[in-house]
Amino acid sequence: MGFSVLVLFSFLFFLLNSTCVCGNEELKALMDIKASLDPESHYLHSWTNNGNPCGGSFEGVACNEKGQVANVSLQGKGLSGKLSPAIAGLEHLTGLYLHYNSLYGEIPREIANLTELSDLYLNVNHLSGEIPPEISSMENLQVLQLCCNQLTGSIPTRLGALKKLSVVALQSNQLTGAIPASLGDLGMLVRLDLSSNHFFGSIPTSLADAPSLKVLDVHNNSLSGNVPPALKRLDDGFLYEQNLGLCGVEFSSLKTCNASDHVNPSRPEPYGAPTRDIPETANVKLPCNGTRCLNSSKSTQATSVTVGIFVSVIAMSAIGVLTFILYRRRKQKLGNSFHISDSRPSTDEAKGVYRKNGSPLVSLEYSSGWDPLADCRNFNGGSQDIFQSFRFNLEEVESATQYFSELNLLGKSNFSATYKGVLRDGSVVAVKSISKTSCKSDESEFLKGLNILTLLRHDNLVRLRGFCCSRGRGECFLIYDFVSNGNLSRFLDVKEGDGEVLEWSTRVSIVKGIAKGMAYLHAYKANKPILVHQNISADKVLIDQRYNPLLADSGLHKLLTNDIVFSALKASAAKGYLAPEYTTTGRFAETSDVFAFGVLVFQILSGKQKITSSIRLAAESLRFQEFIDPNLHGRFFEYEAAKLAKIALLCSHESPFERPSMEAIVQELGNCSSCL
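This is a predicted model, so every value here is computed, not measured.

**Quick word on the pattern of salt bridges**
Thought 1: Across all of its chains, the model carries 12 salt bridges by this definition.
Thought 2: One salt bridge in this structure joins D481 and R465, with 3.0 Å as the shortest N-O distance. A residue pair is termed long-range when its members are at least 10 positions apart, and D481 in strand β21 (residues 475-481) and R465 in strand β20 (residues 464-470) qualify at 16 residues.
Thought 3: Among the ionic contacts, a cluster of salt bridges with common partners joins K432, K540 and D553.

So this is what it looks like as structure tokens:
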């Protein structure tokens with residue numbers, strides 16, 4: 001009996017402390033990773049043996065709601081070591097961001113143990129060796145960024161087993177071999193960049209038929225053979241230059257194929273039906289220790305049955321005791337927690353929509369002192385006077401939005417929801433609700449970002465009326481002026497008779513207004529630092545009732561976590577707003593915003609969302625009928641169109657050094673006030 005009681009309490013102790021054991025294993029893994037990534041300990045001082053990875057003190061580390069490490073964000077930190085095989089110990093990792101460092105060595109095969117990983121960013125380092133074929137077992141992988149390294153070998157054929165892959169970036173390496181036809185099995189693949197490598201053979205037909213593919217970049221390789229005609233559907237999304245052996249019909253810059261171009265017996269030809277390897281299972285089995293897995297016999301099995309019955313009885317008793325203990329603990333915890341009145345409708349349903357794909361940083365809590373997620377009235381410290389006129393209380397926000405009624409919902413993203421509201425003074429506002437898990441965890445950084453938002457005042461920026469952060473609801477609310485005409489996107493790709501077509505003078509006015517707003521952001525003022533918007537797009541240009549353009553979300557990235565900012569960059573890149581130098585520098589500057597402005601000007605002139613190379617060529621040659629919105633029916637001034645086309649071309653120049661500043665653009669538009 002004494003032995004049974006001992007087993008019972010041992011079992012209970014194990015259950016109640018299992019999280020702690022898990023945490024210790026992850027701490028050990030992190031310290032091994034630190035020793036390898038930062039051998040001289042120059043950058044990761046906050047990673048200590050006696051620290052808590054989920055306590056907010058480990059730089060770049062964030063945890064999920066279960067207290068497990070879910071995100072490591074160390075991009076651009078100057079790290080110059082290797083990626084340790086100990087990374088396999090972080091089994092619950094969903095995001096690994098180590099890009100823009102100086103890491104060297106091979107990608108450890110043990111990385112395949114991260115079966116929950118969705119984003120793998122190892123680009124712009126000095127990594128060498130082959131791409132581990134074991135990656136094919138990472139069944140949740142969505143983004144594979146390995147570009148700008150020194151990787152060799154071929155693309156693993158089994159990569160085609162990763163059904164959730166949407167972005168594969170392998171450009172600027174030393175990869176060789178044929179393009180695997182199995183990549184055509186990736187039904188969610190949107191972007192595949194294999195440029196500037198040594199690939200040979202032909203382009204697989206199966207890849208050309210990939211249903212979601214929007215961009216295929218294979219330029220600067222040694223590819224040959226007939227280009228699948230299905231790739232014509234990608235238009236400018238198919239880049240194939242500097243492959244002298246390629247041929248095909250309907251591709252203007254390719255030679256016409258002859259009989260010998262269809263088959264090249266001296267090289268692998270994945271063109272057509274592939275010979276597929278059977279992919280390995282995605283389930284990762286733990287290795288056996290010693291002879292534990294090898295020694296089995298009938299006597300052992302019989303003993304196991306006896307022990308199993310005994311353990312089952314003990315476990316049933318333990319579960320009863322454990323349930324009671326956990327009930328008591330939960331009751332005490334609920335009794336001491338922040339109370340929310342049951343009389344108010346819940347907003348969980350609305351919040352759930354944008355939290356599903358939100359940041360994994362769900363367990364981070366702000367340190368003691370000023371808590372941006374505390375009750376809205378509790379603002380302490382030196383910033384109180386600055387924030388005094390911007391503070392709203394929760395009751396005001398709830399009342400304005402009719403308790404976040406679905407009828408007032410304006411839009412959702414993966415981290416926020418925006419509601420229309422009416423304040424007590426009758427003014428109409430837009431209330432942006434941001435999950436606390438999407439906000440910066442560092443209290444001082446969040447406060448600094450919030451302070452910047454309160455300083456922004458310009459006729460071409462959406463005005464921030466105030467804010468409110470609620471610990472009880474786990475959200476921060478930003479209250480802006482409501483802008484009645486929606487965003488610029490609704491005026492693009494308008495079919496005649498189905499939407500509003502902007503007049504020429506209105507378009508010119510919108511260009512000037514956007515330029516002034518951006519110039520203000522880029523200028524240093526006595527009470528405002530230089531600010532790069534980072535996410536300029538047609539969606540971020542709101543149009544008021546007088547058709548005045550207002551930039552939205554200026555400075556918002558100062559409040560958000562890295563992974564949320566990265567997700568916004570993916571969308572920006574997909575729409576063509578991301579400056580090309582970002583892939584090599586990983587940093588934003590004023591010139592990055594200028595590039596996006598150039599794209600916006602082209603969109604306003606052409607009335608189209610997608611800016612193709614043909615539109616740019618027409619603008620260079622001033623073939624107005626080919627780049628001016630046909631909905632205008634010629635009602636525009638050619639000298640104005642020529643001026644704006646020149647500005648658009650300069651701003652979207654491939655080299656950032658050739659782009660003018662926003663101040664110079666405003667002056668240029670002002671100097672031509674007689675014609676603009």
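**Thoughts on the packing of helix α9 (residues 504-522) against helix α15 (residues 638-651)**
Thought 1: Running from amino to carboxyl end, α9 crosses α15 at an angle of 30°, the nearest separation of the two axes being 12 Å. As summarised for this structure, α9 and α15 are arranged roughly parallel, according to the angle between their axes. Considering how the two elements wind past one another, α9 and α15 form a crossing that is left-handed. Contact with α9, carried on its side by W504, V508 and V511, involves E640, A641 and L644 of α15 and no other residues of that element.
Thought 2: Its residues placed into classes, the contact of α9 with α15 shows 5 nonpolar, no polar and 1 charged.

**With respect to the pairing of β21**
Thought 1: Extensive coverage of β21 is indicated by the burial of 6 of its 7 residues.
Thought 2: Examined bridge by bridge, strand β19 (residues 428-435) and β21 share 7 bridges and lie antiparallel to one another. In the strand pairing of β21, S433 is matched with F477.
Thought 3: Across 6 bridges, β20 lies against β21 in antiparallel orientation.

**Focus: the sheet that holds strand β12 (residues 198-201)**
Thought 1: In spatial order, the strands read β10-β12-β14-β16; together these 4 strands make up an open sheet with parallel pairing. Unpaired on one side and paired on the other, β10 (176-177) and β16 (245-247) mark the two borders of the sheet.
Thought 2: Alignment of β12 against strand β14 (residues 222-226), held across 2 bridges, turns out to be parallel. Paired with F200 across the two strands is S222, which belongs to β14.

**Overview of unusual backbone geometry**
Thought 1: Of note in the backbone geometry, Q534 takes a positive phi value of approximately 80° without being a glycine.
Thought 2: Counting through the fold element by element, Q534 comes out in the loop between α9 and β22 (541-543).
Thought 3: Given a relative accessible area of 18%, Q534 falls into the buried group.
Thought 4: Positive phi outside glycine occurs at H633, with the angle close to 55°.
Thought 5: Examined against the element boundaries, H633 turns out to sit in the loop between α14 (624-627) and α15.

**Notes on helix α10 (residues 562-574)**
Thought 1: Along its 13 residues, α10 runs 19 Å from first to last C-alpha, staying within 8% of the 18 Å computed at 1.5 Å per residue.
Thought 2: Residues D563, I564, V565, F566, L569 and S572 constitute the buried set of α10.
Thought 3: Looking at the buried side of α10, the elements it contacts are β2 (69-73), β3 (95-97) and α11 (582-585).
Thought 4: Trailing α10 by a residue or two, G576 shows a phi angle of about 90°, which is positive.

**Quick look at empty space enclosed by the protein**
Thought 1: Taken as a whole, this structure holds 5 cavities of 30 Å³ or more when the rule is applied.
Thought 2: In this structure, the largest cavity spans a volume of roughly 70 Å³.
Thought 3: L453, L456, L461, V462, L464, Y480, L551, A552, D553 and S554 are the residues that line the largest cavity.
Thought 4: The wall of the second largest cavity is formed by Q534, N535, I536, S572, Y577, L578, A579, F588, S592, D593 and A596.
Thought 5: Here the lining of the second largest cavity gets 3 residues from one element, more than from any other, and that element is helix α12 (residues 590-606).
Thought 6: Split by residue class, the lining of the second largest cavity holds 6 nonpolar, 4 polar and 1 charged.

**Side note on the packing of α9 against α12**
Thought 1: For the pair α9 and α12, the least separation of the axes is 11 Å and the interaxial angle reads 175°. By the angle between their directions, the pair α9 and α12 is classed as roughly antiparallel. The segment α9 lies against α12, with W504, R507, I510, V511, I514, A515, M518 and H522 engaging E590, D593, V594, F597, L600, V601, I604 and L605.
Thought 2: Tallied by class, residues from the contact of α9 with α12 come to 12 nonpolar, 1 polar and 3 charged.

**Side note on the state of the cysteines**
Where two cysteines share a covalent bond between their sulfur atoms, that bond is called a disulfide.
Thought 1: Within this structure, the stated rule accounts for 3 disulfides.
Thought 2: Residue pairing for C54: its cysteine sulfur links by disulfide to C63, the two sulfurs lying 1.9 Å apart. Taking the torsion about the S-S bond as the criterion, the C54 to C63 disulfide, at about -90°, is left-handed.
Thought 3: Between C469 and C476 runs a disulfide, and the two sulfur atoms are separated by 2.4 Å. Handedness of the C469-C476 disulfide follows from its S-S torsion of about 110°: it is right-handed. Here C469 and C476 have matching classes, each one buried.
Thought 4: Between C439, a cysteine without a disulfide, and C476, which holds the nearest cysteine sulfur, the sulfur-to-sulfur distance is 4.6 Å.

**Side note on the sheet that holds strand β6 (residues 126-129)**
Thought 1: Spatial ordering of the open sheet is given by β4-β6-β8, a layout of 3 strands whose pairing is parallel. Two strands in the sheet have a free side with no partner beyond their single neighbour: β4 (104-106) and β8 (150-151).
Thought 2: Note that β4 and β6 share 3 bridges and pair parallel. The residue bridging Y104 from the neighbouring strand is H126, located in β6.

The rules we used
Each chain carries its own residue numbering, running from 1 in the written order of its sequence. Predicted model: local features are reported for residues with pLDDT of at least 70 only, side-chain atom pairs are reported and counted for 80 or more only, and whole-chain, interface and lining totals are derived from all residues. Only hydrogens and water are set aside; all other atoms, that is, all heavy atoms of the structure, feed into the side-chain values. Counted as salt bridges are all cases of a side-chain nitrogen of Lys or Arg within 4 Å of a carboxyl oxygen of Asp or Glu. The helix count covers DSSP runs of H or I at least four residues long, the strand count covers runs of E at least two residues long, and both are numbered beginning at the N terminus. Fitted lines through C-alpha atoms serve as axes, helices being fitted only where they are in contact, and the angles separating the N-to-C directions of these axes extend from 0 to 180 degrees. Should an angle fall under 35 degrees it is taken as roughly parallel, and over 145 as roughly antiparallel, whereas 65 to 115 is taken as roughly perpendicular and any remaining angle as oblique. The sense of a crossing depends on the near helix, which, turned anticlockwise from the far helix by less than a right angle, makes the crossing left-handed and, turned clockwise, makes it right-handed. Contacts are assigned to residue pairs with any non-hydrogen atoms lying within 4.5 Å of each other. By the convention adopted, Pro, Cys, Tyr, Trp, Phe, Met, Ile, Leu, Val and Ala count as nonpolar, Lys, Arg, Asp and Glu as charged, and the other residues, Gly among them, as polar. Each residue's exposure class comes from its accessible area (1.4 Å probe, protein chains only) as a fraction of the maximum for that residue type: buried when under 20%, exposed when over 50%, partly exposed otherwise. Should DSSP find at least two bridges between two strands, the strands are taken to pair. Here the expected length of a helix is defined as 1.5 Å per residue gap, with one fewer gap than residues. Cavities and pockets were defined on a 1 Å grid built from protein atoms only: a cavity is a group of points that admits a 1.4 Å probe but offers it no way out, a pocket is an open group of points flanked by protein on both sides within 12 Å along at least five of seven lines, and a lining residue is one with an atom within 4 Å of any such point. Grid points are joined across faces, edges and corners, and a volume is the space filled by probe spheres set on the points. The disulfide criterion used throughout: a pair of cysteine sulfur atoms within 2.5 Å.

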